[in-house]
Number of protein chains: 2
Amino acid sequence: MSAAERAAEESGEWSGVTPDAARRLVSAAVQAFAERGYHATTTRDIAGRAGMSPAALYIHYKTKEELLYRISSTGHEKALRIMGAAAEAGGSATDRLRDAVRAFARWHAEHHTTARVIQYELQALGPDHYAEIAGLRRRTDRLLRQIIQDGADSGEFRVDDVPGTTLAVLSLCVDVARWFSADGPRTPDEVGALYADLVLRMVGGSV
Amino acid sequence: MSAAERAAEESGEWSGVTPDAARRLVSAAVQAFAERGYHATTTRDIAGRAGMSPAALYIHYKTKEELLYRISSTGHEKALRIMGAAAEAGGSATDRLRDAVRAFARWHAEHHTTARVIQYELQALGPDHYAEIAGLRRRTDRLLRQIIQDGADSGEFRVDDVPGTTLAVLSLCVDVARWFSADGPRTPDEVGALYADLVLRMVGGSV
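Quantities reported herein were computed from a predicted structural model and do not represent experimental measurements.

Engineer: Whenever I open this one, the overall build of chain A confuses me. Can you help?
Structural biologist: A count of helical and extended segments in chain A gives 11 helices and zero strands. Counted from the first residue to the last, chain A has its helices and strands arranged as α-α-α-α-α-α-α-α-α-α-α. In terms of C-alpha radius of gyration, chain A reaches 18 Å, essentially the compact-globule figure of 17 Å for 207 residues. Judged by the C-alpha coordinates and their principal axes, chain A covers about 60 × 40 × 25 Å. Considering chain A as a whole, with its 207 residues, one finds that 55% of them fall into the buried category.

Engineer: How do you make sense of the UniProt feature "domain: HTH tetR-type" (unreviewed entry) in chain A when you look at a structure like this?
Structural biologist: Here, UniProt's "domain: HTH tetR-type" (unreviewed entry) annotation points to residues 19–79 of chain A. In residues 19–79 of chain A, the share of helix is 77% and the share of strand is 0%. The end C-alpha atoms are 23 Å apart.

Engineer: Could you clarify how one ought to interpret the packing of helix 5 (residues 64–87) of chain B against helix 8 (residues 127–154) of chain B in this entry?
Structural biologist: Two measures define how a pair of helices packs: the angle their axes make with one another and the distance between the axes. Residues and elements named next belong to chain B. In the contact formed by helix 5 and helix 8, the axes pass within 9 Å of each other and the chain directions differ by 15°. In terms of their interaxial angle, helix 5 and helix 8 are classed as roughly parallel. Two packed elements cross with a definite hand, and for helix 5 against helix 8 that hand is left-handed. Between helix 5, through Glu65, Tyr69, Ser72, Ser73, His76, Glu77, Ala79, Leu80, Met83, Gly84 and Ala87, and helix 8, the contact on the second element is made entirely by His129, Glu132, Ile133, Leu136, Arg137, Arg139, Thr140, Leu143, Leu144 and Ile147. Across the contact of helix 5 with helix 8, the residue classes tally to 10 nonpolar, six polar and five charged.

Engineer: Before we go on, may I ask you to explain the relation of the copies chain B and chain A in this structure?
Structural biologist: For the pair of chain copies, the relating transformation is a rotation about an axis with a translation along it. Mapping chain B onto chain A calls for a screw motion: a turn of 180° about the axis and a shift of 0.0 Å along it, with 0.0 Å RMSD after fitting. On the angle and the small slide along the axis, the relation comes out as a two-fold axis. In terms of proximity to the rotation axis, the leading residue of chain B is Ala40 of chain B, whose C-alpha is 2.1 Å off the axis. A high fraction, 100%, of the interface residues of chain B reappear at the interface in chain A, so the copies pair face to face through one surface.

Engineer: Is there a simple way to explain the UniProt feature "DNA-binding region" (unreviewed entry) in chain A in this structure?
Structural biologist: As recorded in UniProt, the feature "DNA-binding region" (unreviewed entry) lies at residues 42–61 of chain A. Helix makes up 70% of residues 42–61 of chain A and strand 0%. Its end C-alpha atoms lie 13 Å apart.

Engineer: Mind showing me how you'd approach the domain arrangement of chain A here?
Structural biologist: Size of an interface, as often reported, equals the accessible area lost when the parts are brought together. Residues and elements named next belong to chain A. In terms of domain boundaries, chain A breaks down into domain 1 (3–63) and domain 2 (65–202). Across the contact, 22 residues belong to domain 1 and 16 residues belong to domain 2. Counting across the interface, domain 1 meets domain 2 through zero salt bridges. Our enumeration of links across domain 1 and domain 2 arrives at eight residue pairs in polar contact (both at pLDDT 80 or more). Of all the elements in the fold, those that place two or more residues in the side of domain 1 that touches domain 2 are helix 1 (3–13), helix 2 (20–36) and helix 4 (54–60).

Engineer: Honestly, the layout of surface pockets in this entry has me stumped. Any pointers?
Structural biologist: Empty space among the atoms becomes visible once a probe the size of a water molecule is rolled across them. Its volume calculated, the second largest pocket comes out at about 190 Å³. Considering the residues around the second largest pocket, the lining is formed by Arg158, Arg201, Gly204, Gly205 and Val207 of chain A together with Arg158, Arg201, Gly204, Gly205 and Val207 of chain B. For the lining of the second largest pocket, the per-class residue count stands at two nonpolar, four polar and four charged.

Rules used throughout
Residues numbered from 1 in each chain as written. Chains lettered and ligands numbered in written order. Predicted model: local features only at pLDDT ≥ 70, side-chain atom pairs only at ≥ 80, totals over all residues. Heavy atoms only, no water. Helix = DSSP H or I, 4+ residues; strand = E, 2+ residues; numbered from the N terminus. Rg over C-alpha atoms; globule rule 2.2 N^0.38 Å. Buried < 20%, exposed > 50% of the residue type's maximum accessible area, 1.4 Å probe, protein only. UniProt positions renumbered as here; feature names shortened; annotations may be inferred. Axes fitted to C-alpha atoms, helices over the stretch in contact; angles between N-to-C directions. Parallel < 35°, antiparallel > 145°, perpendicular 65-115°, else oblique. Left-handed = near helix turned anticlockwise from the far one by under 90°. Contact = heavy atoms within 4.5 Å. Nonpolar A, V, L, I, M, F, W, Y, C, P; charged D, E, K, R; others polar. Least-squares fit on C-alpha atoms with pLDDT ≥ 70 in both. Domains from an automatic or database assignment. Salt bridge = Lys/Arg side-chain N within 4 Å of Asp/Glu carboxyl O. Polar contact = N/O pair within 3.5 Å; in protein donor to acceptor, adjacent residues only side chain to side chain. 1 Å grid on protein atoms, 1.4 Å probe; cavity = no way out; pocket = protein on both sides within 12 Å on 5 of 7 lines; lining within 4 Å. Points joined across faces, edges and corners; volume = space filled by probe spheres on them.

Structure, rendered in structure tokens:
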């Protein structure tokens, strides 16, 4: 990741985390986990990246797992809100699915570093935190499944396997975080538009 | 991963690696990298899992990176062979695409632990090894792109963006490795069949 890319991500992504020191720690933790993995990162590494002492880190986060949980819950709540906004916007199932996929894929491109951490380090969460995040994931899945089911019921879509198609659509969008690069040929908006088109084809809808 | 799952993976996946000690080390390294990440794993951890001393490990692999490279090249070569077999089988573009996606998705389900390691730890390879693996990935991509282009040219498919659709199809199959669980509701064969159907829809082909 380039310095410019990092700066762009940092500017807006964690604006809800206060105070400023806590926000810097979350941002530093995301970068460290993405580069080296959760288990290879120490709280000392994270504090150092944030320009703070390990003692200053502990004022805000008691453990490394608490930082991962904060990152994971913030990211998953954002993903759920994106899906919820599309699901509840009204309009045809076609419109809602197009909006949902466009926004969900775009988010995974724009926030690919965070998205990688929250997808690939799930197993490092403690049991209670894991259960809470799994609940957010199930709610996101249900919202998308309902859009697809609505389109199948209304005759807009032809879908043989609603749960399987839901899984594939979510998977397609999530994996954007793995391959997306800000230096690549496509912008997040272009990825969103392409994927909305491909997903409407997958459900047998009108593109 | 359950013990039974691990045993099943180990039995066949690394049969080409000889002698037996080298094969045990590769298998142990895959498990360790998948559980803790490459950077958090030591050669001592790997030797211990294989029931060997660190000194015995060095007879076969000089560095941890050499083990990752062996895992990555074996996995990527297998993925390329799967794609090549489908691409060169003859028949319509529809038949070739169905076979390619079915086999590629199934492989990522069956070998999900290895596939995660080779996808998520790419950046840990040294520059020469990375360049070699990137070459295998480009060849796999080109084979799939050619099938999709053939179908567009013959009128079997309606595709607006061949490179973008190719990227999405590969991504969909690769991400099976992230979510697939042997304890889940679908077998690797069922995932392959579902995905072949969804991808033929994506390219506007006849399911």
